[in-house]
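Now for the letters of each chain:
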Amino acid sequence: MDRMSVAKVIEQTRARGQLDGLTPRENEVLDLMAQGLSNQAIATRLHLSVKTIESVVSAIFTKLDLPAD
């Protein structure tokens, strides 16, 4: 998803209260995604592996019922 799409999804989802089901780490990663950071950039910023970020992103997409692509 591009930056504008992620930001829009976050805004709409937050307005419906659906972000409440995300963990603090998932919210942190989602906010960084909305800023347009790549998985690699998020991993670097959070001192985590890219594989860990990919798992978190997958969990976010599942919880928000979004397509993986």
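Everything below is about the structure shown above.
Calculation criteria
Residues numbered from 1 in each chain as written. Predicted model: local features only at pLDDT ≥ 70, side-chain atom pairs only at ≥ 80, totals over all residues. Heavy atoms only, no water. Core = buried A, V, L, I, M, F, W, Y, C linked by side-chain atoms within 4.5 Å. Buried < 20%, exposed > 50% of the residue type's maximum accessible area, 1.4 Å probe, protein only. Helix = DSSP H or I, 4+ residues; strand = E, 2+ residues; numbered from the N terminus. Contact = heavy atoms within 4.5 Å. Salt bridge = Lys/Arg side-chain N within 4 Å of Asp/Glu carboxyl O.

Enquirer: Any chance you could explain the nonpolar core here in plain terms?
Expert: With 17 residues, the main nonpolar core has V29, L30, M33, I42, I53 and I60 as its most contacted residues. Breaking this core down by element, the ones donating at least two residues are helix 2 (24-34), helix 3 (39-46) and helix 4 (50-63). Sequence-distant contacts of I53, defined by excluding residues within four places in its chain, comprise V29, N39, I42, A43, L46 and L48.

Enquirer: Can you walk me through the pattern of salt bridges in this structure?
Expert: For side chains of opposite charge, pairing can occur when their charged atoms come near one another. Here the structure, examined in full by the defined rule, presents two salt bridges. Note that E28 is salt-bridged to R25, the shortest N-O span being 2.9 Å. Of the two residues, E28 and R25 both sit in helix 2, three residues apart, roughly one turn of that helix. Here E28 falls in the partly exposed class, since its relative accessible area comes to 34%. For K63, the salt bridge goes to E26, with nearest N and O atoms at 2.9 Å. On the criterion of sequence distance, the pair formed by K63 in helix 4 and E26 in helix 2 is long-range, its members being 37 residues apart.

Enquirer: How should I be thinking about the side chain of E26 in this particular structure?
Expert: Residue E26 is classed as buried on the basis of its relative accessible area of 7%. Setting aside anything within four residues of it in sequence, one finds E26 in contact with G21, V56, A59, I60 and K63.

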